[in-house]
There are 2 protein chains.
Amino acid sequence: MGTTKSEQFTARQNELSALAKAIGHPARIAIIEYLLQTDACVCGDIVEVLPLAQATVSQHLKELKNAGLIKGSIEGTSVCYCIDENGFEKIKSFFDHVALSITNRKNECC
Amino acid sequence: MGTTKSEQFTARQNELSALAKAIGHPARIAIIEYLLQTDACVCGDIVEVLPLAQATVSQHLKELKNAGLIKGSIEGTSVCYCIDENGFEKIKSFFDHVALSITNRKNECC
DNA sequence: TTTATTTATCGCAATATTACGATAAATATT
DNA sequence: AATATTTATCGTAATATTGCGATAAATAAA
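Description of the structure in this document. (Residues numbered from 1 in each chain as written. Chains lettered and ligands numbered in written order. Predicted model: local features only at pLDDT ≥ 70, side-chain atom pairs only at ≥ 80, totals over all residues. Heavy atoms only, no water.)

1. Let's talk about the protein's contact with DNA strand C
Okay, step 1: With respect to spatial proximity, 31 residues lie near DNA strand C, and among them His60(A), Gly2(B), Lys5(B), Gln54(B) and Tyr81(B) are the closest.
Okay, step 2: Counting only atoms of DNA strand C within 4 Å of the protein, the fraction found in sugar and phosphate groups is 70%.
Okay, step 3: With respect to DNA strand C, the side chain of Thr3(A) contributes an N or O atom lying 3.4 Å from a sugar or linking oxygen.
Okay, step 4: A distance of 2.8 Å separates a phosphate oxygen of DNA strand C from a polar side-chain atom of His60(A).
Okay, step 5: Elements with a contribution of two residues or more to the surface near DNA strand C: α4 (54-67) of chain A together with α3 (43-49), α4 (54-66) and β2 (78-83) of chain B.
Okay, step 6: With five residues, α4(A) is the single largest residue contributor to the surface near DNA strand C. (Near = heavy atom within 4 Å. Polar contact = N/O pair within 3.5 Å; in protein donor to acceptor, adjacent residues only side chain to side chain. Helix = DSSP H or I, 4+ residues; strand = E, 2+ residues; numbered from the N terminus.)

2. Some thoughts on the packing of helix α5 (residues 85-104) of chain A against helix α2 (residues 26-37) of chain B
Okay, step 1: One way to put it is that α5(A) packs onto α2(B) with a least axis distance of 10 Å and a crossing angle of 30°. When the interaxial angle is binned, α5(A) and α2(B) end up roughly parallel. Handedness of the α5(A)/α2(B) crossing: left-handed. Packed against α5(A), whose contacting residues are Phe94(A), Val98(A), Ser101(A) and Ile102(A), the element α2(B) presents Ile29(B), Ile32(B), Glu33(B) and Leu36(B) at the interface.
Okay, step 2: Classifying every residue of the contact of α5(A) with α2(B) gives six nonpolar, one polar and one charged. (Axes fitted to C-alpha atoms, helices over the stretch in contact; angles between N-to-C directions. Parallel < 35°, antiparallel > 145°, perpendicular 65-115°, else oblique. Left-handed = near helix turned anticlockwise from the far one by under 90°. Contact = heavy atoms within 4.5 Å. Nonpolar A, V, L, I, M, F, W, Y, C, P; charged D, E, K, R; others polar.)

Right under this line is the structure:
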């Protein structure tokens, strides 16, 4: 117990939920917003902007990277992080599909 | 420790992350997909379709409801659940904004 | 009224997440 | 070479999530 029963769901359901889960933390929303706003993207800047310790920010960055929402490239001693459009496209297309389904639905029971 | 430092982030960041977090589980994606597909929506049907115990499904439904992604209305002994468009509109507009920012960005550093 | 049906809640165990200090690793600077 | 800067990782504590059986609560059916 305590573990999500991933095997019982489709690959698509697991992929979408992993993307949503990665976005499901205010610090990670803040990181995404920061990266969209500044086209530059040095890790140290993110740490300065967020109200969390460096180790914690690094952990959040790792999760966003694992989910395919950001990518990072080493530049000397620092790391440049920025938005990975692939992850965002996937999740956006899900919400586009949801919106379409909502407008096309016939009976609303609640 | 162990608790998210919500006070340190904006209301909008907390709201968006709460919505994403609620979607961040394959069972809850499955519930959403089911509700979009069938316009009818009796709780018992959802329990039958999902590979989880009734108590667990009930818990997932509660989380989606708390997040404002679904709503339920009592019909006799059963409950009719369906999509709450308000929650989905909020999160969709975030991803629309992200998509716009991505296409408009000038320099991509990674 | 008794019994079934349906859903929510409680209590618990297992696991995951969040946060941070300390420290390692890797490149820059002196 | 020694020191500084920057980021990742380790270890750990606190809390949250996931899942389920048992049971309560509430209406329907007999």
